[in-house]
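Summary of the model geometry
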Amino acid sequence: MGTLYLVATPIGNLEDMSPRAVRILREAVLIAAEDTRHTGKLLKRFEIETPLTSYFEHNKLNKLDFILDKLSSGDVALVSDAGTPAINDPGYELVKAALVSNHDVRPVPGPSAPITALTVSGLPTDSFLYLGYLPHKTSERHKRLEEVESQPFTLVFLESPYRIVESLEDIFSILGDRKICVAREMTKMFEEYWRGNVSGAVQYFKSQPARGEFTLVVDGKQMNGNERWTEAQLQLAIENELKNEKSAKEISAELAKQSGWNKKEIYALISQNK
């Protein structure tokens, strides 16, 4: 039985293509691509002649049986237009189907726009929420922002050039004038990182041409010393800290300084999560 490889590809600069990614794409019996025309250019650049098939949002269910059949005879590589597959594309459907069919699924790590922007943002990277693209409709976008307004974690969003100003205005009105890093055209010739406050970002990008894909990294809500977190906020923070394999004692001490809850209360909630 074949292995499904999730192969990360460059988000802009082709020098970021790893030797292992090239090898896996050459050795696979099939490459499932979000856009075969786009991926075809990449394959030509690296002299890869593996057969291509399309796998995108509108044909993802129809293509599952075909791809699973190919996996029965060899390895299949999944790629997106750019970056790591299964992040903001239908790749996770294929991953689930492959696992149900008892195929091995392995990553070929590489570029990822959200992580790339986060690391250079200058904002806290120890705890963050990745929320993908903000909704197109204004009402839905407002609702999404309201859902995370009280979260203390760094927020990471994707946005298109056509809605960047509108989204920044909504972030300002709902989240406030927080610190922000706006990354545009990362790793490409005209890459840009704008750092400052949301109000300044609104004014700056109003004067810029609408071009390039954006990643927005926004500071989490800063709690003042007298503001007590809700239990839901605290539970989310506990769950995140538990992933880092910290002890209950360490987590209780750290979160007591930030949340307005005392150590015993936090320790009791941690015990419920185990």
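Residues numbered from 1 in each chain as written. Predicted model: local features only at pLDDT ≥ 70, side-chain atom pairs only at ≥ 80, totals over all residues. Heavy atoms only, no water.

So, about the packing of helix α7 (residues 164–175) against helix α8 (residues 198–206). As a packed pair, α7 and α8 sit with axes 9 Å apart at the nearest point and diverge in direction by 160°. When the axis of α7 is compared with that of α8, the two are roughly antiparallel. Note on packing geometry: the crossing formed by α7 with α8 is left-handed. In this structure, α7 uses Val165, Leu168, Glu169, Ile171 and Phe172 to contact α8, whose residues at the interface are Val198, Ser199, Ala201, Val202, Phe205 and Lys206. For the contact of α7 with α8, the per-class residue count stands at eight nonpolar, one polar and two charged. (Axes fitted to C-alpha atoms, helices over the stretch in contact; angles between N-to-C directions. Helix = DSSP H or I, 4+ residues; strand = E, 2+ residues; numbered from the N terminus. Parallel < 35°, antiparallel > 145°, perpendicular 65-115°, else oblique. Left-handed = near helix turned anticlockwise from the far one by under 90°. Contact = heavy atoms within 4.5 Å. Nonpolar A, V, L, I, M, F, W, Y, C, P; charged D, E, K, R; others polar.)

On to the packing of helix α9 (residues 231–243) against helix α10 (residues 248–259). Interaxial distance between α9 and α10 falls to 11 Å at its minimum, and their mutual angle equals 145°. You can see that α9 and α10 cross each other, and the crossing is right-handed. In this structure, α9 contributes Leu234, Ala237, Ile238, Glu241 and Leu242 to the contact, and α10 contributes Ile251, Glu254, Leu255 and Ser259. Within the contact of α9 with α10, the residues separate by chemical class into six nonpolar, one polar and two charged.

Taken as a whole and assessed by the stated rule, the structure comprises 14 salt bridges. For Lys96, the salt bridge goes to Glu93, with nearest N and O atoms at 4.0 Å. Residue Lys96 and its partner Glu93 are both found in helix α4 (residues 91–100); the two are separated by three residues, about one turn of the helix. As a salt-bridge pair, Glu254 and Lys246 come within 3.0 Å of each other at their nearest N and O atoms. Put simply, Arg141, Glu166 and Asp170 are held in one network by salt bridges that share partners. (Salt bridge = Lys/Arg side-chain N within 4 Å of Asp/Glu carboxyl O.)

Below, the discussion takes up helix α1 (residues 19–27). Count 3.6 residues to each turn of an α-helix, and residues three or four apart come out pointing the same way. Those residues of α1 that fall on the buried side of the exposure criterion are Ala21, Val22, Ile24 and Leu25. Considered in projection along α1, the buried side chains sweep an arc of 165° and stay on one side of the axis. In this structure, α1 carries Pro19 and Glu27 as exposed residues pointing more than 90 degrees from its buried face. Elements in contact with the buried residues of α1: β1 (3–7), β2 (30–33), α2 (36–45), β4 (76–79) and β5 (104–108). (Buried < 20%, exposed > 50% of the residue type's maximum accessible area, 1.4 Å probe, protein only. Arc of directions from axis to C-beta.)

Bringing the side chain of Thr53 into the picture now. Relative to the helices and strands, Thr53 resides in strand β3 (residues 52–54). The exposure class assigned to Thr53 is buried, which follows from its relative accessible area of 9%. When neighbours within four sequence positions are excluded, Thr53 is seen to be in contact with Leu30, Ile31, Ala32, Ala33, Thr36, Lys63 and Phe66.

Let us look at the sheet that holds β1. Two modes of strand pairing occur in sheets, parallel and antiparallel, and in both the strands are linked by backbone hydrogen bonds. Strand order in the open sheet formed by five strands is β3-β2-β4-β1-β5, with parallel pairing between adjacent strands. Strands at the two margins of the open sheet, each flanked by one partner only, are β3 and β5. Taking the axes of each pair of neighbouring strands and ignoring which way they run, one obtains an average angle of 25° across the sheet. The pairing of β2 with β3 spans three bridges and is parallel. Looking at β3, one finds that Ala32 is bridged to Thr53. Of the strands in this sheet, β1, β2, β4 and β5 touch α1, which is tilted by about 140° from β1. Each of β1, β2, β3 and β4 touches helix α3 (residues 60–71); the most contacted strand, β2, lies at about 155° to it. (Pairing = 2+ DSSP bridges.)

These figures come from the coordinates and say nothing about function on their own.
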